[in-house]
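# Topology and contacts: notes
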Protein chains: 2
Amino acid sequence: MEEILSIKETKSCPILYVLAINDTLNVISGKWKLPILGSILFGKNRFTEIQRNISKITPRMLSKELKELELNGIVVRKVYDTTPVSVEYELTTSGKNIVEVLDKMVEWGLSHREFVMDSK
Amino acid sequence: MEEILSIKETKSCPILYVLAINDTLNVISGKWKLPILGSILFGKNRFTEIQRNISKITPRMLSKELKELELNGIVVRKVYDTTPVSVEYELTTSGKNIVEVLDKMVEWGLSHREFVMDSK
DNA sequence: CCGGATCCGACAGGATACTG
DNA sequence: CAGTATCCTGTCGGATCCGG
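Quick caveat: nothing in here was measured; it's all calculated off a predicted structure.

### So, the overall build of chain A
- Summing up its helical and strand segments, chain A has 6 helices and 2 strands in all.
- Order of helices (α) and strands (β) in chain A, N terminus to C terminus: α-α-α-α-α-β-β-α.
- The dimensions of chain A, computed from C-alpha atoms along their principal axes, are 55 × 50 × 20 Å.
- Across the 120 residues of chain A, 38% fall into the buried class.
- Relative to all contacts within chain A whose residues are 6 or more apart in sequence, the contacts with residues 24 or more apart total 40%.
- Of the roughly 7,400 Å² of accessible surface on chain A, 56% is carried by carbon and sulfur atoms.
- Distance between charge centroids for chain A: 9 Å, based on 17 positive and 16 negative side chains.

Set out below in structure tokens:
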């Protein structure tokens, strides 16, 4: 059976380490990725719902970002044959799991604020 | 005594949640932040050392990024009065702790690769 | 050795209008 | 409703040269 690369093995190989980080960054960086993920997590998963939920995003941007997220395996696009058609975007397993990363980021972000405060 | 905002409290306030995430993103996103942090973690902490360690970065960019990292409380700049002057950049406590976030990102990145593989 | 100053191109993202 | 098509602007980062 093939071994999955553990995080410890990865640390000894900086190239893979950086590669994995960039994979993650591609999913959450940019102006709109996070608000979109947030909207879908919040239960808003139709195109126009997401657009209304995120103030000021244009359909062009929303379309482009959703396409990227789909290509990266973060969301799945489901078309329902109603009239007019309705489309729903849902998070994949990976898409849901990224919340763990976000939580770590929040944790660091908050403690960093404390750190900066204290050092003044 | 004042309470530190815990992560659980933050989750009920999406605005702070997103704010903290953006704080974190500002430290690690962009083309050079990660390589620079990596170099310093690796023990390369003088200007020209970092520049040599990171192939293809121009002094302009390195200077600009280091200045941002210093302003954000991630590194400290120490000037030694030698001739010619030598400068060393060191990670703050917060700067060291961000490795925890990076580890989580590696973890997710790797498992996401597995997820994408399996679904084909 | 450690940068600052200037100029420049590429690409992310915005504005607006239109369609199946 | 769920997007496309065009055009446009601003910011990121590169190239090159200069100075304490």
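That covers the picture; the talk isn't over yet.
### Considering the packing of helix α2 (residues 14–28) of chain B against helix α6 (residues 93–118) of chain B
Residues and elements named next belong to chain B.
- Here α2 crosses α6 at 90°, and the two axes come no closer than 12 Å. Taken together, the axes of α2 and α6 lie roughly perpendicular to each other. Mapping the contact onto sequence places Thr24, Val27 and Ile28 in α2 and Ile98, Val101, Leu102 and Met105 in α6.
- Split by residue class, the contact of α2 with α6 holds 6 nonpolar, 1 polar and no charged.

### With respect to the pattern of salt bridges
- One pass over the full model with this rule turns up 16 salt bridges over all chains.
- For Asp23 of chain B, the salt bridge identified is with Arg113 of chain A, shortest N-O distance 2.7 Å. Note that Asp23 of chain B is positioned in helix α2 and Arg113 of chain A in helix α6 (residues 93–118), a pairing that runs across two chains.
- Overall, the relative accessible area of 40% leaves Arg113 of chain A in the partly exposed class.
- Two residues, Lys78 of chain B and Glu90 of chain B, come together in a salt bridge whose shortest N-O distance is 3.0 Å. Of this pair, Lys78 of chain B sits in strand β1 (residues 75–80) while Glu90 of chain B sits in strand β2 (residues 86–91); the two residues are 12 residues apart in sequence, bridging distant segments of the chain.
- Taking relative accessible area as the criterion, Glu90 of chain B reaches 25% and is therefore assigned partly exposed.
- The network of salt bridges with common partners includes Lys33, Lys64, Glu65 and Glu68 of chain A.

### Comments concerning unusual backbone geometry
Residues and elements named next belong to chain A.
- Residue Thr83 is joined to Pro84 through a cis peptide bond whose omega torsion reads -5°.
- Looking at where Pro84 falls in the secondary structure, it is placed in the loop between β1 (75–80) and β2 (86–91).
- Non-glycine residue Lys56 carries a positive phi angle of around 80°.
- The residue Lys56 is located in the loop between α4 (47–53) and α5 (59–71) in this model.
- Owing to a relative accessible area of 74%, Lys56 belongs among the exposed residues under this scheme.

### A short note on the protein's contact with DNA strand D
- In the vicinity of DNA strand D lie 18 residues, with Thr48, Arg77 and Tyr89 of chain A together with Lys31 and Arg60 of chain B positioned nearest.
- Sugar plus phosphate: this is where 68% of the atoms of DNA strand D within 4 Å of the protein reside.
- One of the side-chain N or O atoms of Arg46 of chain A is found 3.2 Å from a phosphate oxygen in DNA strand D.
- At the level of secondary structure, the elements contributing two or more residues to the surface near DNA strand D comprise α4, α5 and β2 of chain A together with α5 (59–71) of chain B.
- No other element matches α5 of chain A, which puts 4 residues into the surface near DNA strand D.

### So, the UniProt feature "domain: HTH hxlR-type" (unreviewed entry) in chain A
- Listed under "domain: HTH hxlR-type" (unreviewed entry) in the UniProt record, and renumbered for this structure, are residues 13–117 of chain A.
- The span residues 13–117 of chain A is 66% helix and 11% strand, and its two end C-alpha atoms sit 36 Å from each other.

### What about the environment of Asn45 of chain B?
All names here are of chain B.
- Considering the arrangement of structural elements, one finds Asn45 in the loop between α3 (33–41) and α4 (47–53).
- For Asn45 and Val87, which are 42 residues apart along the polypeptide, the C-alpha to C-alpha distance reads 8.2 Å.
- When near neighbours in sequence (up to four residues on either side) are disregarded, Asn45 contacts Ile40, Ile50, Val87, Glu88, Tyr89 and Glu90.

Conventions used here
- Residues numbered from 1 in each chain as written.
- Chains lettered and ligands numbered in written order.
- Predicted model: local features only at pLDDT ≥ 70, side-chain atom pairs only at ≥ 80, totals over all residues.
- Heavy atoms only, no water.
- Helix = DSSP H or I, 4+ residues; strand = E, 2+ residues; numbered from the N terminus.
- Buried < 20%, exposed > 50% of the residue type's maximum accessible area, 1.4 Å probe, protein only.
- Contact = heavy atoms within 4.5 Å.
- Areas by Shrake-Rupley, 256 points an atom, 1.4 Å probe, with all protein chains shown as cover.
- Lys, Arg positive; Asp, Glu negative; His and termini not counted.
- Charge placed at Lys NZ, Arg CZ, Asp CG, Glu CD.
- Axes fitted to C-alpha atoms, helices over the stretch in contact; angles between N-to-C directions.
- Parallel < 35°, antiparallel > 145°, perpendicular 65-115°, else oblique.
- Nonpolar A, V, L, I, M, F, W, Y, C, P; charged D, E, K, R; others polar.
- Salt bridge = Lys/Arg side-chain N within 4 Å of Asp/Glu carboxyl O.
- Near = heavy atom within 4 Å.
- Polar contact = N/O pair within 3.5 Å; in protein donor to acceptor, adjacent residues only side chain to side chain.
- UniProt positions renumbered as here; feature names shortened; annotations may be inferred.

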